[in-house]
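As a plain string of letters, each chain reads:
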Amino acid sequence: MSASVLKVLNQPGWNYKLSYDGVSILAPTKKDATHLAQSYGYALSETAAKINGKVRIGWRHCKRPIEFYGWMASQKPPTPAETAERMLPVGGEVFCSQLQLPVGLLKRMVAAAESERPISIIRQDNNKQIIVNQLMSDMLQTPPEVATQRVMNRFWLPEDLAELERRLSQQSRFTMTHRGGLNEQTWAILTTQFESFEVDGIWYRQATTLATPELIPIPPEAFAPI
């Protein structure tokens, strides 16, 4: 492990130990754990690669630790399964397909894992859904490795998508009821809270489902080019 990381871990309140599957770090607080992950993610990934295991960061009363794997330090992209299941494994509760994880997204992933509602996060520039928690994956009846690669235009009706984009340009947070595709075979009426936010110059929107979807027949205009 790098000297800079060891310097942090040797401070009061920190602890770490080796186990059969890697290194387990206990941070004083959740904030400290997140800061360590953001500041030394590459070094932690290198450590995971050297020991052919993983580096796990937890904190007191933590249910879902942050984990780093060796492939994160390499130039070789992970397989879809690794991307979905291991980018930030937190008890199998949240999945991400984006390799770069700035602290803003990292915090939202942790919050999504702890949420009791289905949550997804979509990049605004390409309308790609990059993060889903387990509840959202279950609601969509879609494996997370598929859900986190999905371009969302095809799962909106053109008029509803236009209304969404109009409201996003005027409000940072709002609730909207619309028709949407849970998957290619199932459409529903959805009530969703949308929140737009920016991280390192990239805009995202977080979608939190507020009510049980009401299933409807697939609209005739569904899957039309947008």
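Below: a short report on this structure.

Definitions and cut-offs
- Residues numbered from 1 in each chain as written.
- Predicted model: local features only at pLDDT ≥ 70, side-chain atom pairs only at ≥ 80, totals over all residues.
- Heavy atoms only, no water.
- Salt bridge = Lys/Arg side-chain N within 4 Å of Asp/Glu carboxyl O.
- Helix = DSSP H or I, 4+ residues; strand = E, 2+ residues; numbered from the N terminus.
- Buried < 20%, exposed > 50% of the residue type's maximum accessible area, 1.4 Å probe, protein only.
- Expected span 1.5 Å × (residues − 1).
- Bend = angle between axes of the 7 residues up to and from the residue.
- Contact = heavy atoms within 4.5 Å.
- Pairing = 2+ DSSP bridges.
- Right-handed = clockwise from strand over helix to strand, strands pointing away.

1. Observations regarding the pattern of salt bridges
Here comes step 1: One pass over the full model with this rule turns up nine salt bridges.
Here comes step 2: Residue E67 is joined to K54 by a salt bridge in which the shortest nitrogen-to-oxygen separation is 3.6 Å. Here K54 lies in strand β3 (residues 54–59) and E67 lies in strand β4 (residues 66–69), a separation of 13 residues in the sequence.
Here comes step 3: You can call E67 buried: its relative accessible area is 7%.
Here comes step 4: One salt-bridge network, in which partners are shared between bridges, spans K54, R56 and E67.

2. Here we look at helix α2 (residues 30–51)
Here comes step 1: End to end, α2 covers just 25 Å across 22 residues, shorter than the expected 32 Å (1.5 Å per residue, more than 12% under).
Here comes step 2: A maximum bend of about 80° is found in α2 at Y40.
Here comes step 3: Of all the positions in α2, only A33, T34, L36, A37, G41, A43, L44, S45, T47 and A48 are classed as buried.
Here comes step 4: Looking at the buried positions of α2, the neighbouring elements they touch are α1 (3–9), β2 (22–27), β3, β4 and α4 (103–114).
Here comes step 5: At the exit of α2 stands N52, carrying a positive phi of roughly 55°.

3. Here we look at the pairing of β3
Here comes step 1: Burial of β3 is extensive: five of the six residues sit out of reach of the surface.
Here comes step 2: Where β2 lies against β3, six bridges are found, and the strand directions are parallel. The residue of β3 that forms the bridge with G22 is K54.
Here comes step 3: On the question of chirality, the crossover connecting β2 to the parallel β3 by way of α2 is right-handed.

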